[in-house]
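Remarks on the overall topology
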Amino acid sequence: FPVTISSFPRFSISEAISEADLQAIENMAREIIPEVYGAYVPLYHLNYFIENYQTVASLQKQLQQGFLYYLLSFDGQIQGYLALQFQSETALLSKLYLLSAARGKGMGQLALNFALAKTSEIGHNSMELFVNRQNLSSIAFYERNGFEIVETLERDFGNGTLVFDYRMLIKL
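Residues numbered from 1 in each chain as written. Predicted model: local features only at pLDDT ≥ 70, side-chain atom pairs only at ≥ 80, totals over all residues. Heavy atoms only, no water.

**Examining the layout of surface pockets**
Taken as a whole, the largest pocket encloses approximately 1,100 Å³ of empty space. Lining the largest pocket are 39 residues; nearest its centre among them are Tyr-37, Leu-96, Tyr-97, Phe-130 and Asn-135. Counting only elements with at least two residues in the lining of the largest pocket, the list comes to α1 (19-37), α2 (43-53), β5 (90-98), α4 (107-122), β6 (126-132), α5 (136-144) and β8 (162-171). Residue contributions to the lining of the largest pocket peak at seven residues, all from β5. Of the residues assigned to the lining of the largest pocket, the class counts are 22 nonpolar, 11 polar and six charged. (1 Å grid on protein atoms, 1.4 Å probe; cavity = no way out; pocket = protein on both sides within 12 Å on 5 of 7 lines; lining within 4 Å. Points joined across faces, edges and corners; volume = space filled by probe spheres on them. Helix = DSSP H or I, 4+ residues; strand = E, 2+ residues; numbered from the N terminus. Nonpolar A, V, L, I, M, F, W, Y, C, P; charged D, E, K, R; others polar.)

**Comments concerning the side chain of Asn-145**
Within the secondary structure layout, Asn-145 lies in the loop between α5 and β7 (148-156). You can call Asn-145 buried: its relative accessible area is 18%. Ignoring anything within four residues of it in the chain, the contact list for Asn-145 reads Gln-109, Leu-112 and Ile-170. (Buried < 20%, exposed > 50% of the residue type's maximum accessible area, 1.4 Å probe, protein only. Contact = heavy atoms within 4.5 Å.)

**Side note on the nonpolar core**
Within the largest apolar cluster, 27 residues are counted, with the highest numbers of intra-cluster contacts made by Leu-72, Leu-93, Leu-96, Met-127, Tyr-142 and Phe-147. For this core, the elements supplying multiple residues, two or more each, are β2 (11-15), β3 (67-74), β4 (77-87), β5, α4, β6, α5 and β8. With seven residues, α4 is the single largest residue contributor to this core. Of all hydrophobic cores here, the second largest spans 24 residues; its members include Ile-50, Val-56, Phe-67 and Tyr-97. (Core = buried A, V, L, I, M, F, W, Y, C linked by side-chain atoms within 4.5 Å.)

Structure representation (structure tokens):
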């Protein structure tokens, strides 16, 4: 697969399958996660999240569990990543992260459009995601794209820290 979005030939999406791809994701996660969540999630929890969900070894396990990871590139340079999991009739948009320099340029929109198209292509009728309640810019982005808040959650990732999320859903 690399997929080039025809209207935006400088933007491409490719499935992350090699160890080098997964290492690129881990490296980006170490930069992006603290930057995005550092103002409202304790650093020890961010480190826990990265070590348990975004290292090469943890990404390999997720791939074996049916997650699909994609690299988001602009002019051949990796600028972010997304992860999908297809479960029952609802797809899970597990991750959609961009490096800070890539934000606000339409790449997130193209990535979300790709994820929604992939979901429809596979035959699923809805997509859900979880977003931190304090991540107001992401909440607004998803609402502009038709997602609705359907549940308010307090989740424990296993290290004693509660994370306060919304579950958002879009019907396709």
